Amino acid sequence: MAKLAKKQQPKQKNEEDVRILISRSRLQRRITEMAREIRKDFPNEPLHLVGVLKGAVFFLTDLGQQIPGDVSFDFIAVSSYGVGTHSSGQVRLTRDLDSSIEGKTVIIVEDILDTGMTLQYLLRIFDQRKPKCLRVAVLLDKPERRIAAVQADYVGFTIPNEFVVGYGLDYAERYRNLPDVGVLTLPTVATNAAKVG
Ligand code: PRP
């Protein structure tokens, strides 16, 4: 995770533990529904899905496979920085798109909408590039943590203010490969060391 400095930390317990919050089957069922909703809103349009690296990779590939018709992909990467418990609001582009989005129907695909600072930045730069239409699909929405006034058009699950990992979401780059989304707790002794990374 690139943003440990500003993001919330996992809770601490005696041992490291991941408790399943959303199982793989629930994830897949909801993603299939989201794909239907998206195609229903744009029945005849080519759709250009833009995944935000790295967390959105599994969500984008599963969502993309469930949307029938003409679908293309691209990826973008951003990083935010600033120390302290809250976002400094500074987000920067670390990998740009391969192709222009001008005139395209674009769907930004994000794993999680947390403070909203990343999405606020992406919406601003994408708007400047004149897409025909711009929408946002997020798998997880954590509204309690919102700082920026942004929202998604398609939301998989609204979740409580817990530190989640799995299905693309990481803690210090670990746990992305879990097929479920779970709540992470860390052992008390490991937490300070992990903060450094
Ligand atoms: C996560 C997530 C979103 C962003 C949301 O990315 O993938 O892009 O944070 O947070 P926000 O709403 O508070 O801005 P992260 O920087 O952890 O990178 P990663 O996807 O590579 O893990």
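Residue positions are given per chain, counted from 1 along the sequence in the order it is written. Two thresholds apply to this predicted model, a pLDDT of at least 70 for residue-level local features and 80 or more for giving and counting side-chain atom pairs, whereas whole-chain, interface and lining totals are computed over all residues.

A. Inspection of the overall build of the protein at higher detail. When you go through the protein residue by residue, the secondary structure sums to four helices and 10 strands. Strands are runs of DSSP state E lasting at least 2 residues, helices are runs of H or I lasting at least 4, and numbering of each runs from the N terminus. Along its sequence from the N terminus, the protein presents helices and strands in the succession β-β-α-β-α-β-β-β-α-β-β-β-β-α. Residues with at least 20 other C-beta atoms within 10 Å of their own are called buried, those with 12 or fewer are called exposed, and the rest are partly exposed. The C-beta atoms themselves are positioned from the backbone. For the protein, with 197 residues in total, the buried portion stands at 30%. By the criterion used throughout, residues are in contact when their C-beta atoms, derived from the backbone, lie within 7 Å. Looking at the protein alone, contacts between residues at least 24 apart form 69% of all its contacts between residues at least 6 apart.

B. Here's a closer look at helix H3 (residues 117-128). What a helix should span is 1.5 Å times the count of its residues minus one. With 12 residues, H3 extends 17 Å between its outermost C-alpha atoms, agreeing within 8% with the 16 Å of an ideal straight helix rising 1.5 Å per residue. Along H3, the residues classified as buried are Met117, Thr118, Leu119 and Leu122.

C. Focus on the site of the ligand. Near, as applied to residues and a molecule or strand, means the residue's backbone-placed C-beta atom lies within 6 Å of it. Contacts to the ligand come from 18 residues, most closely from Lys54, Gly55, Asp114, Thr115 and Thr118. Those elements that provide at least two residues to the shell around the ligand are strand E3 (47-53), strand E6 (105-113) and H3. Ranked by the residues each element gives to the shell around the ligand, the list is headed by E6, at four residues. Residues are grouped as follows: Ala, Val, Leu, Ile, Met, Phe, Trp, Tyr, Cys and Pro are nonpolar; Asp, Glu, Lys and Arg are charged; every other residue, Gly included, is polar. Taken together, the residues of the shell around the ligand break down into eight nonpolar, four polar and six charged.

D. Region of the structure containing the pairing of strand E10 (residues 181-187). Each pair of strands is called paired provided DSSP finds at least two bridges between the two strands. Inspection of the sheet shows strand E1 (residues 11-13) paired to E10 by three bridges, in the parallel sense. Across the sheet, the residue bridging to lysine 13 is proline 187, located in E10. Sheet analysis places strand E2 (residues 17-22) next to E10, joined by five bridges and oriented antiparallel. If you follow valine 18 over to E10, its bridge partner there is leucine 184.

E. Spatial organisation of the nonpolar core. Only buried Ala, Val, Leu, Ile, Met, Phe, Trp, Tyr and Cys residues enter a nonpolar core, and they are joined through C-beta atoms within 7 Å. Membership of the largest hydrophobic core comes to 38 residues, with the highest contact counts inside it found for Leu63, Ile107, Ile108, Val109 and Ala137. Tallying contributions element by element places E6 first for this core, with six residues. Every residue in contact with alanine 137, bar those within four places of it in the chain, is listed here: Met34, Ile38, Leu63, Ile107, Val109, Ala152, Asp153 and Tyr154.

F. How the structure looks around the packing of helix H1 (residues 24-41) against helix H2 (residues 57-66). Between H1 and H2, whose axes approach to 8 Å, the crossing angle comes to 55°. It follows that H1 is oblique to H2 by the angle criterion. The interaxial crossing formed by H1 with H2 has right-handed handedness. On H2, the residues that touch Gln28, Ile31, Thr32, Met34 and Ala35 of H1 are Asp62, Leu63 and Gln66. Grouping the amino acids of the contact of H1 with H2 by side-chain chemistry returns four nonpolar, three polar and one charged. Helix axes are fitted to C-alpha atoms over the stretch in contact, other axes to C-alpha atoms as well, and angles between N-to-C directions run from 0 to 180 degrees. Note that the term roughly parallel is reserved for angles under 35 degrees, roughly antiparallel for angles over 145, roughly perpendicular for angles of 65 to 115, and oblique for everything else. The hand of a helix crossing depends on one turn: near helix anticlockwise from the far one by less than a right angle means left-handed, and clockwise means right-handed.

G. Structural detail: H1. Compared with an ideal rise of 1.5 Å per residue, which puts 18 residues at 26 Å, H1 spans 26 Å between its outermost C-alpha atoms and is within 8% of the ideal. Buried residues of H1: Leu27, Ile31, Met34, Ala35 and Ile38, and no others. Each buried residue of H1 sits inside an arc of 105° when the element is viewed along its axis, so together they form one side. Away from its buried face by more than 90 degrees, H1 exposes Ser25, Arg29, Glu37 and Lys40. For H1, the secondary structure elements touched by its buried residues are E2, H2, E6, strand E7 (133-141), strand E8 (154-158) and E10. Working note: the arc is built from the helix axis to C-beta atom directions.

H. Region of interest: unusual backbone geometry. In this structure, lysine 54 follows leucine 53 across a cis peptide bond, with omega equal to -5°. Although it is not a glycine, lysine 130 adopts a positive phi angle of roughly 55°. Even without being a glycine, alanine 172 presents a positive backbone phi close to 50°. With respect to the secondary-structure elements, alanine 172 resides in the loop between strand E9 (164-165) and E10. Looking at alanine 172, the number of C-beta atoms within 10 Å reads 13, which means it is partly exposed.

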